2 protein chains.
Amino acid sequence: MSVLTDLKIKERSDRKDLIIDAAERVFSTRPFNRVSMREIAGEAGIAPSSIYTYFPNQEALFVEATIRDSNLLIEEIAGIVERTRAGRPVLDRVIDSFIEFISKHDSYFRMMVVFMTIGSLSPESLKRLNEVVRRGFRVFEAAFKKMGYRGNSRILAYHIFAMLNGILVTYRKLPGRNDEKIIAHMKRVAKVFRELLQSKIRKDRQ
Amino acid sequence: MSVLTDLKIKERSDRKDLIIDAAERVFSTRPFNRVSMREIAGEAGIAPSSIYTYFPNQEALFVEATIRDSNLLIEEIAGIVERTRAGRPVLDRVIDSFIEFISKHDSYFRMMVVFMTIGSLSPESLKRLNEVVRRGFRVFEAAFKKMGYRGNSRILAYHIFAMLNGILVTYRKLPGRNDEKIIAHMKRVAKVFRELLQSKIRKDRQ
DNA sequence: TGTACATCAGTGAACGCGCGTTCACTGATGTAC
DNA sequence: TGTACATCAGTGAACGCGCGTTCACTGATGTAC
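Once a new chain begins, its residue numbering starts again from 1 and follows that chain's sequence as written. Each chain takes a letter, starting from A, and each ligand takes a number, starting from 1, following the order in which they are written. Reporting in this predicted model follows two pLDDT cut-offs: at least 70 for local features of residues, and 80 or more for side-chain atom pairs to be given and counted; totals over whole chains, interfaces and linings ignore these cut-offs and use all residues. To get the side-chain values, all heavy atoms of the structure are used, and hydrogens and water are removed first.

1. Let's talk about helix 4 (residues 58–83) of chain A
Taking 1.5 Å per residue, 26 residues should reach 38 Å; helix 4 of chain A reaches 38 Å between its end C-alpha atoms and fits that length. One side-chain oxygen of the residue at the start of helix 4 of chain A lies 3.3 Å from the amide nitrogen of Glu59(A), identifying that residue as Asn57(A). The helix count covers DSSP runs of H or I at least four residues long, the strand count covers runs of E at least two residues long, and both are numbered beginning at the N terminus. To estimate the expected span of a helix, count its residues, drop one, and scale the result by 1.5 Å. By the criterion applied in these results, polar contacts are pairs of N or O atoms within 3.5 Å in which, for protein atoms, one can donate a hydrogen and the other can accept it, and in which residues neighboring in sequence qualify only through two side-chain atoms.

2. Brief notes about the relation of the copies chain B and chain A
For the least-squares superposition of copies, only C-alpha atoms count, and only for residues with pLDDT at least 70 in both. At an RMSD of 0.0 Å, chain B and chain A line up after a rotation of 180° and a shift of 0.0 Å along the axis. What the rotation and shift describe, once combined, is the action of a two-fold rotation axis. The rotation axis passes nearest to the C-alpha of Gly166(B) in chain B, at a distance of 1.7 Å. The criterion used for residue contact is that any of the two residues' heavy atoms lie within 4.5 Å. By residue overlap, the copies meet face to face through one surface: 97% of the interface positions of chain B are interface positions in chain A.

3. Quick notes on the interface of chain B and chain A
Across the boundary between the two partners, chain B contributes 39 residues, which contact 38 residues of chain A. Two parts placed together each lose some accessible area; with a 1.4 Å probe, that loss summed over both constitutes the buried area. Here chain B packs against chain A, burying approximately 3,600 Å² in sum over the two surfaces, 73% of which is carbon and sulfur. When the buried area of chain B at its contact with chain A is split by residue, Thr117(B), His159(B) and Leu196(B) rank highest and sum to 17% of it. Put simply, a salt bridge is a Lys or Arg side-chain nitrogen that is within 4 Å of an Asp or Glu carboxyl oxygen. Viewed at the interface, chain A and chain B are joined by zero salt bridges. Summed over the shared surface of chain B and chain A, the result is six residue pairs in polar contact (both at pLDDT 80 or more). Sorting the residues of the side of chain B that touches chain A by element identifies helix 6 (106–118), helix 7 (123–147), helix 8 (153–171) and helix 9 (179–205) of chain B as the ones contributing at least two each. A breakdown of the residues in the side of chain B that touches chain A according to their chemical character gives 22 nonpolar, 11 polar and six charged. Amino acids outside the nonpolar list (Ala, Val, Leu, Ile, Met, Phe, Trp, Tyr, Cys, Pro) and the charged list (Asp, Glu, Lys, Arg) are all regarded as polar, and Gly is one of them.

4. Comments concerning the protein's contact with DNA strand D
Taken together, 16 residues form the shell around DNA strand D, and within it Arg38(A), Gln58(A), Ser49(B), Ser50(B) and Tyr54(B) come nearest. Any residue with a non-hydrogen atom lying within 4 Å of a molecule or strand is treated as near it. Near the protein, meaning within 4 Å, the atoms of DNA strand D are sugar or phosphate in a fraction of 52%, with bases accounting for the rest. For DNA strand D, a phosphate oxygen lies 2.7 Å from a polar atom in the side chain of Arg15(B). Side-chain polar atom of Tyr54(B) to a phosphate oxygen of DNA strand D: 2.3 Å apart, as the coordinates give it. Among the elements of the structure, helix 2 (37–44) of chain A together with helix 3 (48–54) of chain B are those that each provide at least two residues to the surface near DNA strand D. With four residues, the single largest contributor to the surface near DNA strand D is helix 3 of chain B. Tallied by class, residues from the surface near DNA strand D come to six nonpolar, seven polar and three charged.

5. Looking at the packing of helix 5 (residues 90–104) of chain B against helix 7 of chain B
Residue and element names in this part refer to chain B. To obtain each axis, a line is fitted to C-alpha atoms, and for helices this fit is confined to the stretch in contact; angles are then taken between N-to-C directions over 0 to 180 degrees. Orientation of helix 5 relative to helix 7, taken along the N-to-C sense of each, is 155°, at an axis distance of 9 Å. Taken together, the axes of helix 5 and helix 7 lie roughly antiparallel to each other. Along the contact surface, helix 5 presents Val90, Leu91, Val94 and Phe98, while helix 7 presents Phe140, Ala143, Phe144 and Met147. What sets the label is the angle itself: under 35 degrees gives roughly parallel, over 145 gives roughly antiparallel, 65 to 115 gives roughly perpendicular, and the rest give oblique.

As structure tokens, then:
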């Protein structure tokens, strides 16, 4: 019985993933005010009403998608921080990976911005999203420690997270440039922070 | 005849302002997916159709509102940079003023984010908004020069603008804190950048 | 092995709603003689 | 000063549309005997 139940749960989660995949494809091809349950259902090849078998409403679907992608991103960054040996340029790698991930997962980023800007989420959703963000902070802190920063790395984590978000919001849609150029530009702008921080760390060591 | 024409133009611009004022009041009290032409008209005390006497469509109204506020903000920052004597902490003042302005003009910020995220503006609107952003960069550059920074102040301007945007997007709606605390938090996080930059300027001077 | 029944993912049609925008019109104001 | 006409800001009703969500149902699959 337990085996069967497990199978059921697995199946259910597979189907949820399928719907989330479709939602992301829609999110990354339409302006977000055009993303509708009908559109998502069409992309997934099911009836709009079927979505409600797996998600209680639209917000829950978007939140679940965001959390799924956040976990991917956090794992990727955590892996980089872990694998980088002391003395190697961990922050550059973290910055590059963050910017590349979000450029590749446009849908994820747009959902994030919607949540941050709308500010009318259910308490349950808010709680889940906040938990993810806090885990993200911890990974950034680990990176600063690895760089040899001895000051308050919590506020640095607040700073870099917001700074990277800002660069993505601000330059994601530079008119008249292709994606590659835009990504290069974003990385260059983000590394201003890394250079300043490194210069400070060296100075403090003296 | 010219005098009368001038009066007409003045009147027209006054009425546009009136509608923009109403739009901003609506924008700052409703989540932005609830901001409608009907709602704005109601707030302005006119019929929805009357808005179309002054603005060709919704996008044009939002763009005009954004540009009006941007000019206010840029003038404020430019004034601060101009009035601050050399050696005084110009960047702290600029940061504080930026964060306070945008916290006070929530509607402005939300429109900005919508534009940056949607990416489906008409070329005309895009051009006008870009022109404003470029003027903003120039003001930031002036501030860095005033601080005695001798390096590439253009990329610093790109950086600080995006960083401030990011801080506002990310922390504007921290759950469980009042506005005052949130503003203080944002200023603290933004000043990480100022501290690092100042440390670098001092080091370069040695 | 065959039959009756239970479960439940998935459906299609519909509900009620609010949206941006258009358009024929009204009525106040200004102009010409 | 009085009358006919032109202008045009502002209106109310309507257009067509797409939205999130609900619900009575179907039909495939699994279970019990």
